[in-house]
Amino acid sequence: MPIDGDEIRERLEEGDLEIDSLDDEQVDAASVNLRLGDSIEILDSGGGIRGFFSKAKRRFTRSGDSVHLAPGEFAVAETEEAVSLPENLGGETKVSMEFGPPGVTIQNTGWVEPGTDGKLRLEIVNNSPRGVRIETGEPILKLIFEEIEETTEEVELIEPELEAEADTDLEPEVEPER
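Treat the numbers as computed from the prediction; the structure is a model and nothing was measured. (Residues numbered from 1 in each chain as written. Predicted model: local features only at pLDDT ≥ 70, side-chain atom pairs only at ≥ 80, totals over all residues. Heavy atoms only, no water.)

Below, the discussion takes up the overall build of the protein. Within the protein, the regular secondary structure consists of 2 helices and 11 strands. The order of α-helices and β-strands along the protein, N terminus first, is α-β-β-α-β-β-β-β-β-β-β-β-β. A buried classification covers 34% of the 178 residues belonging to the protein. Nonlocal contacts in the protein, meaning residues at least 24 apart in sequence, comprise 74% of its contacts between residues at least 6 apart. Of the roughly 12,000 Å² of accessible surface on the protein, a fraction of 46% belongs to carbon and sulfur atoms. (Helix = DSSP H or I, 4+ residues; strand = E, 2+ residues; numbered from the N terminus. Buried < 20%, exposed > 50% of the residue type's maximum accessible area, 1.4 Å probe, protein only. Contact = heavy atoms within 4.5 Å. Areas by Shrake-Rupley, 256 points an atom, 1.4 Å probe, with all protein chains shown as cover.)

It is worth spelling out unusual backbone geometry at this point. Positioned with a positive phi, Ser-21 is a non-glycine residue whose angle comes to about 60°. By the secondary structure assignment, Ser-21 is in the loop between strand E1 (18–19) and strand E2 (32–43). Among the residues examined, Ser-21 registers a relative accessible area of 46% and is labelled partly exposed.

So, on to the pairing of strand E10 (residues 132–135). Residues Val-132 and Ile-134 line the buried face of E10, whereas the alternating positions Arg-133 and Glu-135 sit on a face that is not buried. Examined bridge by bridge, strand E4 (residues 66–69) and E10 share 4 bridges and lie antiparallel to one another. By the bridge assignment for E10, His-68 is matched with Arg-133. (Pairing = 2+ DSSP bridges.)

Together, Asp-4, Asp-6, Glu-10, Glu-13 and Glu-14 make up a negatively charged patch on the protein surface. By the secondary structure assignment, Glu-14 is in helix H1 (residues 5–14). Residue classification places Glu-14 among the exposed residues on the basis of a relative accessible area of 57%. (Patch = residues over 30% accessible without salt bridge, like charges linked within 9 Å, V, L, I, M, F, W, Y side chains within 5 Å. Salt bridge = Lys/Arg side-chain N within 4 Å of Asp/Glu carboxyl O. Lys, Arg positive; Asp, Glu negative; His and termini not counted. Charge placed at Lys NZ, Arg CZ, Asp CG, Glu CD.)

The next subject is the pairing of strand E5 (residues 74–84). Burial analysis of E5 places 9 of its 11 residues in the buried class, which makes it a mostly covered element. Pairing between E1 and E5: 2 bridges, direction antiparallel. Paired with Ile-19 across the bridge in E5 is Val-83. Two strands pair when backbone bridges link them, and E2 and E5 are joined in this way by 5 bridges, in the antiparallel orientation. When the bridges of E5 are listed, Leu-43 appears paired with Phe-74.

Let's shift gears to the environment of Pro-102. Mapped onto the elements of the fold, Pro-102 is located in the loop between strand E6 (89–95) and strand E7 (104–106). Sequence separation of Pro-102 and Ser-128 is 26 residues, and the distance between their C-alpha atoms is 7.2 Å.

Turning to the pattern of salt bridges, a few remarks are in order. As enumerated under the stated definition, the model contains 10 salt bridges in all. Where Glu-81 meets Arg-35, a salt bridge forms, and the shortest distance between an N and an O atom there is 2.6 Å. Linking Glu-81 in strand E5 with Arg-35 in strand E2, this pair joins segments that are 46 residues apart in sequence. As far as burial versus exposure is concerned, Glu-81 and Arg-35 are alike and both buried. Between Glu-92 and Lys-94 there is a salt bridge, with the nearest N and O atoms lying 3.2 Å from each other.

Listed below in structure tokens is the structure:
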């Protein structure tokens with residue numbers, strides 16, 4: 001079950017949960033708003049899949065106020081805030097309703113493991129037919145925290161024993177002639 005904003009504030013105050021550069025207004029009723037950081041690396045999508053993953057196709061790393069993404073461009077970025085979760089607290093990220101230009105998607109939202117320590121990495125894709133501008137410092141993710149009450153115990157897997165009996169009484173099916 002998610003923890004509420006009051007418990008988030010309490011854990012931050014006690015030091016059980018740490019989030020660098022967090023302002024109090026970023027804490028909502030049941031989540032924390034994380035902002036787009038100023039380190040954004042844009043990869044050139046030209047040349048198909050080979051060009052996409054080629055280090056030679058990286059255009060630049062940008063720090064500053066805003067970044068332009070051309071149609072089809074892919075960027076790797078980080079949150080402005082570094083998050084340090086204790087071993088008994090995990091989280092789920094969702095794209096903030098406040099983020100973004102239409103057609104821009106964030107690929108890797110999902111579960112944040114207990115014990116995570118650092119800025120969260122994002123993959124941002126411009127799927128629109130127009131260039132778009134994304135602003136550093138704008139809300140990009142909501143982080144919803146969830147208490148992990150029990151540690152997972154090691155489970156012994158039991159392999160089923162398969163009997164190697166062949167059923168020889170079956171005749172192969174034959175299609176009728178036409």
